[in-house]
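# Descriptive structure summary
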Amino acid sequence: MGKLKTGHLVEAGLWLCLCLFLYVFSFDFERPIEIYKFGASAWPRAIILLMAIAAFGQLYHQWKYGDEASMSLIGTTVDEDEDAEEAAHEAHHENAKWYLSTLGLLSIPFVYMRVPDWIAAGADLDKTGLHITRIVVAAILIAIVVYFIRHHRVRVALMFPLFFAALLEDFGFYSLAPFFIVGVMYLFGERRPRQMAMITALIYGLVLVLFVSILFVGLPIGNIRPFYDIGGWIVTVLQ
Amino acid sequence: MDTFNNFLQGSITLFSDPINILIFLGGIVGGMLFGAIPGVSMLTLAAILLPFTAHLTAEQGIMLFSVIYCTGVYGGAITAILFNIPGAPENAPTAFDGYPMTKNGQAGKAVGAAVMCSALGGVVSTIVMMVATAPIADWAISAFGPPEIFALVFFGLAVAASVGAKTFWKGWLSILIGLMVAVVGLDPVGGIERYDFDMPYLLAGIHFIPTILGFFAVSEIFVQAEKKVRGSYIAPKISVDFPTLKELIEHKVAIIRSMCIGFFCGILPGIGATLAAFMGYNEAVRWSKKPEEFGTGKLEGVISSETANNAATGAAMIPLLALGLPGGALTAMMVGVFQMHDMEPGPLVFLNSADLVWVVFAAMFFANCSILLIGWLETKTIINLLRIPFQFLAPMILLLATVGAYAVRGLTIDVVVMFLAGVVGFFLRRSGYSVAGIVLGLILGKIGEQTFAQAMQMLHFEWSGFLDRPIAAGLLGVGFLTLAATIYGEFFKKSPAAKSDTPSEPRHSPDA
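Note that this is a predicted model, so its numbers are computed, not measured.

In this section: the overall build of chain B. A tally of regular secondary structure across chain B gives 22 helices and two strands. Burial status across chain B gives 62% buried among its 512 residues. Counting contacts in chain B only where the partners sit at least 6 residues apart, residues at least 24 apart contribute 77% of the total.

Here's what the structure looks like:
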């Protein structure tokens, strides 16, 4: 098996699955174009083919050289990637269990984006009911995040901004941003309450003054009361 | 002599009106700041300002955008060097050596080199632009049809695949992901929806600004988060040590080569500063006697990339003003400014609005000169950002990135896409893939497909038609040769680690 490891086979398998997925869905748009005989699917399929070839090429490289960097024509690598790999290696974040549990945590934002709608549709809720459902689901998910935050900081750090983005539409930038700032600082190891409060006020204030007061950028104010009212009030005061 | 008189007239118009001066200075400071602040870019500023240019004259609007373009391209280099977060894709190659220089305690020298070379590349490009606009535009436009542009895109990708990733194959996979992301949305010929999965948002395609912010700014924060957890995050050492004249003279060949590459790439519609920077960097590596030193903090890497991308800014204005063809995102926004004033960029602008053209040329010249002065002062301020603990900087970067992603189209889904790109970028980076390659693929993918379709229609679907066009054939040939040589190396050459008796050190080994 040369220098191949299980991880290499999984990596190649993931690439080939992606190719298969993209190829299958390319039939959705396989329609003729009168002035262009290759149609809309030729270009993506060429990319898929090259992707599959490159995945096999990578597998061959790993079979022959293991994890060594390749001898490229111009012989260079990006340090940032080495940093990232090194960080992962030293933090022992390379096993399948870690990846699977990370994927589990990363599903939290998508749970929020889908589940309240399903509940509302299933229970035939009106708009107010949907909003209450969203608040309840968000509260449960936040509790789960808080539970994991102490022992799985890297995983939560990956998921946290995505969760913030998922909540933006409903809860608005103005209500969420202070909590987001505090959360990120906590995930990066800051524990001093006074510093956290000061920096939160400073960053929040700067962003609001620069973008809302000076540049008049419209940021999401949210859809759910009272968050919508808070956002609207802040915009009125600042502009 | 006419050129000089026109330039003089343009300069007088620029500096005789206080409003013009204010807009000029605002553009310089704004471009640099938005280029330098991690998480936002000159495109964010331009997107925010675009609606407000309706209140300015066409002359002022275009001048403002051209100044932002010049200084923003430079400003992005600062964060690329200090934080490994390029302000724009055209600064990505700057990070390859700039960031390692920061970690080696040479941040000041790297930023100093970026200041000098950006100014130099930009000024020379602007002068050449003023002198040779008409003949160069005539040649490029007549010699470069869709087959040539497609061939150049292919050549650029073939060369770029060798840079940035751990292996050649991972480099290509990175580029192919970018190309695939660019496929999402409507196809450029028939307007058929592709990979939209019945989501209206995906019909318009995945916007490149949130994607760039995610792959560069957000994924970098995640990498730093992981380091913080394992307690190995070390704030880079700072020293202000600008390169000496002697050092710059030592790199004169690289500077001149990058100027030529930058100007050549900039003049071609749709190519612009990004490919210029990558090619400038790649050629520096290719011609170097010690290519293995690139990526470890080599001054020549910063010089080549920064000279090339700023040299492209002046040249990118030629197809825009002469034919109305934007060279990139910012020049595309300039088309929007023209349209807001009921004007169309193109040959008629030279006839009907010569004043506008020469004010813009003068503004670009002085904006590039000002990089030297203001860049010098600003650098000392921005270097202090490094002293801020990362746990305070991280939320600021993420919040600014959120505003930047949202401000483009006012969609929260863009913010989701940005953070998702950050997560994907994080996993790809830790596996040895190149986020810069993905972004290059994303940007060049649309141009590549469009020009390929146009080329095939033009050549009546005869592949051999490419061979009848010397420039296209040459570029495709060199691109294929580059690929073939690398693949040959993969299959038939022994690994340097196998050749050596000593254990290989991945970071600095010759095969790295």
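And the narrative resumes.
Each helix and strand counted, chain A has nine helices and zero strands in total. Taken over 239 residues, chain A has a buried fraction of 36%. Counted over contacts in chain A with a minimum sequence separation of 6, partners at least 24 positions apart contribute 63%.

All names here are of chain A. Per-residue pLDDT for chain A averages 82, and the proportion of residues at 70 or more is 87%. Within chain A, helix α3 (residues 79-90) has the poorest average pLDDT of any element, 51, and helix α7 (residues 173-187) the best, 91. Here residues 71-81 is modelled with pLDDT under 50, and outside its nearest four sequence neighbours on either side it reaches 48 contacts, counting other chains as well.

Okay, the packing of helix α8 (residues 193-214) of chain A against helix α18 (residues 390-409) of chain B next. Running from N to C, α8(A) and α18(B) point in directions that differ by 25°, and their axes come no closer than 10 Å. The angle between α8(A) and α18(B) falls in the class roughly parallel. Viewed along their axes, α8(A) and α18(B) form a crossing whose handedness is right-handed. Across from A:Ile199, A:Ile203, A:Val207 and A:Phe211 in α8(A), the residues of α18(B) making contact are B:Phe392, B:Pro395, B:Met396, B:Leu399 and B:Val403. Its residues assigned to classes, the contact of α8(A) with α18(B) comprises nine nonpolar, no polar and no charged.

Right, let's talk about the environment of A:Tyr204 for a bit. Residue and element names in this part refer to chain A. Within the secondary structure, Tyr204 sits in helix α8. The spacing of Tyr204 and Pro178 is 26 residues in sequence and 6.5 Å in space, taken between C-alpha atoms. The contact partners of Tyr204, leaving out residues within four places of it in the chain, are Ala177, Pro178 and Ile181.

Further remarks concern the domain arrangement of chain A. Interface size, as often reported, equals the accessible area lost upon joining of the parts. Residue and element names in this part refer to chain A. Here chain A is partitioned into domain 1 (6-70), domain 2 (92-168) and domain 3 (172-239). Placing a centre on the C-alpha atoms of domain 2 and another on those of domain 3 gives a separation of 21 Å. If you look at the interface, domain 2 gives ten residues, while domain 3 gives nine residues. The element best represented in the side of domain 2 that touches domain 3 is helix α6 (residues 153-171), accounting for seven residues. For the side of domain 2 that touches domain 3, a count of residues per class yields seven nonpolar, one polar and two charged.

Running from amino to carboxyl end, α6(A) crosses helix α19 (residues 412-430) of chain B at an angle of 170°, the nearest separation of the two axes being 8 Å. Between α6(A) and α19(B), the interaxial angle falls into the category roughly antiparallel. For the pair α6(A) and α19(B), the contacting residues are A:Leu158, A:Pro161, A:Leu162, A:Ala165, A:Ala166, A:Leu168 and A:Glu169 in the first and B:Thr412, B:Val415, B:Val416, B:Phe419, B:Leu420, B:Gly422, B:Val423 and B:Phe426 in the second. A breakdown of the residues in the contact of α6(A) with α19(B) according to their chemical character gives twelve nonpolar, two polar and one charged.

Take helix α12 (residues 252-267) of chain B next. Since the α-helix turns once every 3.6 residues, residues separated by three or four places project in the same direction. Relative to the 22 Å expected for 16 residues at 1.5 Å per residue, α12(B) spans 23 Å between its end C-alpha atoms, a close match to the ideal helical length. Of all the residues in α12(B), the buried ones are B:Ala254, B:Ile255, B:Ser258, B:Met259, B:Ile261, B:Gly262, B:Phe263, B:Phe264, B:Cys265, B:Gly266 and B:Ile267.

Turning our attention to unusual backbone geometry. A:Pro226 follows A:Arg225 through a cis peptide bond whose omega is 5°. Structurally, A:Pro226 can be placed in the loop between α8 and α9 (227-238). Positive phi is not limited to glycine here, since B:Phe197 has a value of about 50°. A positive phi angle, near 60°, is found at B:Phe461, a position not held by glycine. Tracing the backbone shows B:Phe461 in the loop between α20 (435-458) and α21 (470-492).

Time to look at α21(B). The end-to-end C-alpha separation of α21(B) is 31 Å, in line with the 33 Å expected for 23 residues at 1.5 Å each. The complete set of buried residues in α21(B) reads B:Ala472, B:Leu475, B:Leu476, B:Gly479, B:Thr486 and B:Glu490.

This next bit is on the confidence of the model for chain B. All names here are of chain B. Across chain B, the average pLDDT comes to 78, with 82% of residues at 70 or higher. Below pLDDT 50 for its whole length, residues 496-512 participates in 25 contacts with residues either more than four positions away or in separate chains. For this predicted complex, the interface confidence reaches an ipTM of 0.88, while the overall pTM sits at 0.74.

As a further point, take the environment of A:Ile33. Looking at where A:Ile33 falls in the secondary structure, it is placed in the loop between α1 (6-26) and α2 (42-65). Overall, the presence of 16 C-beta atoms within 10 Å leaves A:Ile33 in the partly exposed class. For A:Ile33, the contacting residues outside a window of four places in its chain are A:Gly39, A:Ala40, B:Val189 and B:Gly190.

Reading the values: rules and limits
- Residues numbered from 1 in each chain as written.
- Chains lettered and ligands numbered in written order.
- Predicted model: local features only at pLDDT ≥ 70, side-chain atom pairs only at ≥ 80, totals over all residues.
- Helix = DSSP H or I, 4+ residues; strand = E, 2+ residues; numbered from the N terminus.
- Buried ≥ 20, exposed ≤ 12 C-beta atoms within 10 Å, placed from the backbone.
- Contact = placed C-beta atoms within 7 Å.
- pLDDT = per-residue confidence, 0-100.
- Axes fitted to C-alpha atoms, helices over the stretch in contact; angles between N-to-C directions.
- Parallel < 35°, antiparallel > 145°, perpendicular 65-115°, else oblique.
- Left-handed = near helix turned anticlockwise from the far one by under 90°.
- Nonpolar A, V, L, I, M, F, W, Y, C, P; charged D, E, K, R; others polar.
- Domains from an automatic or database assignment.
- Expected span 1.5 Å × (residues − 1).

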